[in-house]
Amino acid sequence: MYVKVCGVRTPGDVAAAVEAGADAIGFVLTESVRRLEPAAARELAAAVPEHILTVGVAAGVPAAEAGRLALAAGVRALQLHGPYPREAFDELAGLPLRLVRATSLDETTELTAGAYGEELLLLDSPVAGSGAQWDLARLNQATPQGHWLLAGGLNPDNVAAAIAAARPWGVDVSSGVESTRGVKDHARIRAFVAAARAA
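These notes cover the structure that comes with them. Bear in mind the structure is a predicted one, so any value in this text is a computation, not a measurement.

1. Points about the overall build of the chain
A tally of helices and strands in the chain yields six helices and ten strands. In summary, the chain has a C-alpha radius of gyration of 15 Å against a globular reference of 16 Å for 199 residues, a match within 12%. Overall, the chain is about 40 × 40 × 30 Å in size when its C-alpha atoms are taken along their principal axes. Within the chain, the fraction of its 199 residues that count as buried is 52%. Sequence-distant contacts, at least 24 apart, represent 52% of the contacts inside the chain between residues at least 6 apart.

2. Brief notes about the pairing of strand β5 (residues 98-104)
By the criterion of burial, β5 is predominantly enclosed, with five of the seven residues buried. Where strand β4 (residues 77-81) and β5 come together, five bridges link them in parallel fashion. Each bridged residue has a counterpart across the sheet, and for H81 the counterpart in β5 is A102. A crossover links β4 with its parallel partner β5, the connecting element being helix α4 (residues 86-92), and its sense is right-handed.

3. So, the environment of E118
In this fold, E118 is placed in the loop between β5 and β6 (120-124). Assessed through its relative accessible area of 5%, E118 is described here as buried. Taking the C-alpha atoms as reference points, E118 and P49, 69 residues apart in sequence, are found 23 Å from one another. Other than its neighbours up to four places away in sequence, E118 contacts F89, L99, V100, R101, T112 and A113. Among the polar contacts made by the side chain of E118, one reaches the main-chain amide nitrogen of G114 at a distance of 2.9 Å.

4. Some remarks on the packing of aromatic side chains
Applying the stated criterion across every chain, the model contains two aromatic pairs. For the pair Y2 and W169, a centre-to-centre distance of 4.7 Å together with 25° between the ring planes defines the contact as stacked. Separated by 167 residues along the polypeptide, Y2 in strand β1 (residues 2-5) and W169 in the loop between α5 (159-166) and β8 (170-173) bring together distant segments of the chain. With relative accessibility at 30%, the residue W169 sits in the partly exposed group. Between F89 and Y116 the ring centres are 5.7 Å apart and the planes differ by 65°, which places this aromatic pair in the edge-to-face class. In this pair, F89 is assigned in helix α4 and Y116 in the loop between β5 and β6, connecting sequence segments 27 residues apart. Assigned by exposure class, F89 and Y116 land together as buried. In this structure, R101 packs its charged tip against the face of Y116, placed 4.4 Å from the ring centre.

5. Points about helix α3 (residues 63-73)
Turning to α3, its buried residues number three or more, namely A63, A66, G67, L69, A70 and A73. In a view along the axis of α3, the buried residues occupy a sector of 165°, so they form one face of it. On its buried face, α3 is in contact with α2 (38-46), β3 (53-58), β4 and α4. G74 occupies a position one or two residues after α3 and carries a positive phi of about 70°.

Cut-off values and rules
- Residues numbered from 1 in each chain as written.
- Predicted model: local features only at pLDDT ≥ 70, side-chain atom pairs only at ≥ 80, totals over all residues.
- Heavy atoms only, no water.
- Helix = DSSP H or I, 4+ residues; strand = E, 2+ residues; numbered from the N terminus.
- Rg over C-alpha atoms; globule rule 2.2 N^0.38 Å.
- Buried < 20%, exposed > 50% of the residue type's maximum accessible area, 1.4 Å probe, protein only.
- Contact = heavy atoms within 4.5 Å.
- Pairing = 2+ DSSP bridges.
- Right-handed = clockwise from strand over helix to strand, strands pointing away.
- Polar contact = N/O pair within 3.5 Å; in protein donor to acceptor, adjacent residues only side chain to side chain.
- Phe/Tyr/Trp six-rings, centres within 6.5 Å; stacked < 30°, edge-to-face > 60°.
- Lys NZ or Arg CZ within 6 Å of the ring centre and 35° of its normal.
- Arc of directions from axis to C-beta.

Okay, here's the thing in structure tokens:
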């Protein structure tokens, strides 16, 4: 089970995610309580071992701006979060960045990872980073294909059941491992990764 810990903001957050065995670590580069300036993200990303994917997360900005932020942050991947069209991914295709498409599930969502040229597909709740769970039963009618991550309302207590219900390739967590909004709880990070792997 591939595990991404998102919205990390401090050296301690990074160390906890690395020690827990996360496969990817996300840094939010646009408007959010978890936002980091690119220079701060670059410092944290530099401390992440090579085998763990560093991901810059951007929402609500043009694709070119998202690409600029990710390059300035020194991350290896860029996650476009929200209703970005295929053209946005085309625009970024020439950059030295792996691409992640993060979106919520609706009737128009293209559910094949790679359909927009991205490497990973992330399915989130309609309000990203809110901790709100969504109805996983909706995946019974629409089955994602390829390397896709389940996100939205996951925490150490419910991730195993969510994996059993949705059968994702991986999972993503942010608010579910926080003590207060925007502040990571390192024990919860360890517990989440362990629970996801045990599932």
